[in-house]
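If you want the building blocks of each chain, they are given just below.
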Amino acid sequence: MKFEDLLLEIGGFGRFQILILAILCLPRINLPMHFLLHNFLAATPSHHCAIPHQEAFVNLTMEEVLLISIPRKPDGTFSSCEMFSQPQFHLLLNSSLQSENKTIIQHCQHGWVYDHSQFTSTISTQWDLVCEQRGLNQATATFFFIGVTMGAMVFGYLSDRFGRKTMLQLSLVCSMVFGMLSAASVSYTMLAITRTLTGVALSGLSLIVLPLGMEWVDVQHRTFTGILSSIFWSVGNVLLALAAYLVREWNWLLVAVTGPCLLSIICLWWVPESARWLIAKGRVKQAHRHLLRCARMNGRKDFAVSPEVKNWRSRHTFPLSDKNMGGSYSYISLFRTPVLRKISLCSGVVWFGVAFSYYGMSMNLTGFGLSIYLSQFVFGVIEIPAKMVMYVLVNRVGRRQSQAWTLILAGVCIGANIVIPKPFTSLRSVVAIMGKGFSEAAFTTVFLYTSELYPTILRQNGMGYTSFMARLGGALAPLVFLLDEVWRSLPEVTYCGVAVCSGAVAFLLPETLNVRLPEGIEDIE
């Protein structure tokens, strides 16, 4: 008797499954609120050098004080990182006479003055992470994603060893603790360390929530479960815009997005451990208890576990992880045989491109003529229809075409905005929103596609490897913004190039629509 048949006997998809999915959607909403928090946490408001002895200029307006103290950039705006060594009073008579003498221009000597109209405080204003220190500001996002990458390795192994629920609880408690500690940071170093550890802890949520839900759901409702989980990520995106709009201080914003972890910790008491995992580990009595509870809740009062099930033992019933499947497999197995090697190399490139372009677009909310809060809100909302359309498309035109074209079109939209002049804000906004929709569609497809490409005995390893490539893309995406010092449009050109190239690589992967899932390596070779 297979576990799938057992699930159908206890109601397949009933009130019990709906309750589990509803509770598991809470941590799912919480994830993007941390993953995209950098947009608001590290926002850099407009700023200029602090001007010493400003009280000496009582007769001048603020504009005039800036005119004699701060040099202008070629576009006419005041410089953010430079000041005159002496007040240039002659500029009051003719402001177009910008000084050619570079020796009187110096870097800020007395700190900076920030515009607090949009943000009361951010980590940029708290620790002056601007000008020469700007790299440290972008690095906070990279530190966070490095934490997520490390966590993926740790929690993937631990949840197979000690159970889904236990590790999910640990992950939530650690997220709560490190999230609150980062809100209380008294130095940049403390913030960098606690954000990295928050990334490690949150990685457990992103890794365990979906499999735990899936392992209680029958085959017919798996796609639906995937969509539901995915849509709640987008809901979290929208709620982040609302939270950031209401809370303008970085440390209180951290408290606001970490607080919901407490609700998830409390609600998780009602979620049982995965019965599949328990049976695979030989803990049949405990699994039996959960199955009976599920049957009762789904109105299957007459359900009784057959003697055959009671005598089930772990290794011979069904595999939970690759190790249980005759011989041991590791990440190296993904590259041993020719066809599998090609799949692994190409899917690694595709995952890198998907995450790199997604976070590149998600972390660039300015320059479209919308406020940063409205951009975040619209970018979150557009993801929901994009996901719905994709679940129809992947079953009509196939996985490979969907994957390749969504990535290429996301790249084309990024590229188009390099060419469209800055004054056309409405057109730029529409193109950016379309690009975000395509980028999200590519992300939605890649999860489904990859799980069908790898054989059962290597699926967990395959997902682990591609997830690592995605985290690598996520960690590098924020650092690319620093390339604008070389050339203004270089970050966009990089995101565009990577998206289009990785989209083209997707054409090299095999189609999996209506193809039976491969069980062993020989099925692929």
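Residues numbered from 1 in each chain as written. Predicted model: local features only at pLDDT ≥ 70, side-chain atom pairs only at ≥ 80, totals over all residues. Heavy atoms only, no water.

Side note on the nonpolar core
Our working rule: By convention a nonpolar core is built from buried Ala, Val, Leu, Ile, Met, Phe, Trp, Tyr and Cys residues, the set being connected through side-chain atoms within 4.5 Å. Here's how the labels work: a residue is buried when its accessible area is under 20% of the maximum for its type, exposed when over 50%, partly exposed in between, all with a 1.4 Å probe on protein chains only. Only DSSP runs of H or I with at least four residues qualify as helices, and only runs of E with at least two residues qualify as strands; both kinds are numbered from the N terminus onward. Each domain's extent is set by a domain assignment, obtained either automatically or from a database. Here a residue-residue contact requires only that any non-hydrogen atoms of the pair lie within 4.5 Å.
In terms of nonpolar packing, the biggest core is built from 110 residues, with Phe35, Phe40, Leu168, Trp216, Leu291, Val350 and Tyr359 touching the most fellow members. The dominant element in this core, judged by the number of residues it contributes, is helix α16 (residues 338–362), at twelve residues. Two domains share this core, each providing at least three of its residues, namely domain 1 (1–38 + 131–316) and domain 3 (329–524). If we ignore the near neighbours within four places in the chain, the residues touching Val350 are Gln403, Leu407, Val446, Ser502, Val505, Ala506 and Leu509.

So, empty space enclosed by the protein
Put simply, the test is: Site definitions follow a grid-based scheme: protein atoms alone, a 1 Å grid, a 1.4 Å probe that fits but cannot get out for cavities, and for pockets an open set with protein on both sides within 12 Å along at least five of seven lines, plus lining residues having an atom within 4 Å of a point. Grid points are joined across faces, edges and corners, and a volume is the space filled by probe spheres set on the points. Under the scheme applied, nonpolar residues are Ala, Val, Leu, Ile, Met, Phe, Trp, Tyr, Cys and Pro; charged residues are Asp, Glu, Lys and Arg; polar residues are all the others, including Gly.
With the rule as written, the count across this model stands at five cavities of 30 Å³ or more. In this structure, the largest cavity encloses a volume near 70 Å³. Those elements giving two or more residues to the lining of the largest cavity turn out to be α2 (15–35), α8 (188–214) and α9 (222–246). Of the residues belonging to the lining of the largest cavity, the class tally is six nonpolar, three polar and no charged. Looking at the lining of the second largest cavity, the elements with two or more residues in it are α2, α3 (38–41) and α6 (134–162). The element contributing the most residues to the lining of the second largest cavity is α6, with three residues. Split into classes, the residues belonging to the lining of the second largest cavity amount to five nonpolar, three polar and one charged.

Overview of the UniProt feature "transmembrane region" (unreviewed entry) in the protein
Threshold: UniProt positions are given in the numbering used here, feature names are shortened, and annotations may be inferred rather than shown by experiment.
In this numbering, the UniProt entry assigns the feature "transmembrane region" (unreviewed entry) to residues 139–158, 170–191, 197–217, 224–246, 252–271, 343–361 and 373–393. Secondary structure content for residues 139–158 is 100% helix and 0% strand, while the C-alpha to C-alpha distance between its ends is 28 Å.

A closer look at the state of the cysteines
Here is the rule we go by: In plain terms, two cysteine sulfur atoms within 2.5 Å form what is called a disulfide here.
Applying the stated criterion to the full structure yields two disulfides. Through a disulfide, Cys49 is tied to Cys108; the S-S separation comes to 1.9 Å. In this structure the cystine formed by Cys49 and Cys108 twists about its S-S bond by roughly -65 degrees; its chirality is therefore left-handed. In this pair, Cys49 sits in strand β1 (residues 47–49) while Cys108 sits in the loop between β3 (105–107) and β4 (112–114), placing the two residues 59 residues apart along the sequence. Taken as a pair, Cys49 and Cys108 share a single burial class, namely buried. Here Cys81 is linked by a disulfide to Cys131, with a sulfur-sulfur distance of 2.0 Å. As the torsion about the S-S bond is roughly -95 degrees, the Cys81-Cys131 disulfide counts as left-handed. Here Cys131 lies in the loop between α5 (123–127) and α6 and Cys81 lies in the loop between α4 (62–69) and β2 (82–84), a separation of 50 residues in the sequence.

Let's talk about the environment of Leu509
Residue position: Leu509 is located in the loop between α21 (490–506) and α22 (521–524). By relative accessible area, which is 2% here, Leu509 ends up buried. As for Leu509 and Leu345, which are separated by 164 residues in sequence, their C-alpha atoms are 9.8 Å apart. Apart from residues no more than four positions distant in its own chain, Leu509 is found in contact with Ile343, Cys346, Ser347, Val350, Arg400, Tyr449 and Leu453.

Some remarks on the environment of Glu215
Put simply, the rule reads: Pairs of N or O atoms are called polar contacts if they sit within 3.5 Å, as long as, within protein, a hydrogen donor faces a hydrogen acceptor (for residues adjacent in sequence, only side-chain-to-side-chain pairs).
Residue position: Glu215 is located in the loop between α8 and α9. Between the C-alpha atoms of Glu215 and Val480, which are 265 residues apart in sequence, the distance is 38 Å. In this structure the side chain of Glu215 is engaged in a polar contact, spanning 2.6 Å, whose partner is the side chain of Ser274.

Quick look at unusual backbone geometry
In this model, His53 sits at a positive phi of 50 degrees, which is unusual for a non-glycine residue. Here His53 is to be found in the loop between β1 and α4. Of note in the backbone geometry, Cys131 takes a positive phi value of approximately 55 degrees without being a glycine. You can call Cys131 buried: its relative accessible area is 14%.

Brief notes about the pattern of salt bridges
Keep this limit in mind: A pairing counts as a salt bridge when a side-chain nitrogen of Lys or Arg comes within 4 Å of a carboxyl oxygen of Asp or Glu.
Throughout the structure, instances matching the rule amount to seven salt bridges. Lys387 is the salt-bridge partner of Glu440, the closest N and O atoms lying 3.4 Å from each other. Remark: Lys387 occurs in helix α17 (residues 372–396) and Glu440 occurs in helix α19 (residues 425–453); sequence separation between them is 53 residues. Judged by its relative accessible area of 4%, Glu440 falls in the buried class. One connected set of salt bridges, linked through shared partners, spans Glu383, Lys387, Lys436 and Glu440.

Digging into the environment of Ser426
Structurally, Ser426 can be placed in helix α19. As for Ser426 and Leu370, which are separated by 56 residues in sequence, their C-alpha atoms are 8.7 Å apart.

Overview of the domain arrangement of the protein
It is common to give the size of an interface as the accessible area lost on bringing the parts into contact. Each assigned domain of the protein is listed here: domain 1 (1–38 + 131–316), domain 2 (47–114) and domain 3 (329–524). The gap between the C-alpha centroids of domain 1 and domain 2 is 52 Å.

Quick word on the packing of aromatic side chains
Pairs of aromatic rings are described using the distance from one ring centre to the other and the angle between the two planes. Put simply, the test is: Here the aromatic set is Phe, Tyr and Trp, taking the six-membered ring for Trp, and pairing holds for ring centres within 6.5 Å; pairs whose planes are under 30 degrees apart are stacked, those over 60 apart are edge-to-face, and all others are tilted. Whether a charge sits over a ring depends on NZ of Lys or CZ of Arg being within 6 Å of the ring centre and within 35 degrees of the ring normal.
In the structure shown here, the tally under the stated rule is 22 aromatic pairs. Over the ring of Phe78 we find Arg72, and its NZ or CZ is 4.6 Å from the ring centre. Note that Arg248 overlies the ring of Tyr245, its terminal NZ or CZ placed 4.8 Å from the centroid.

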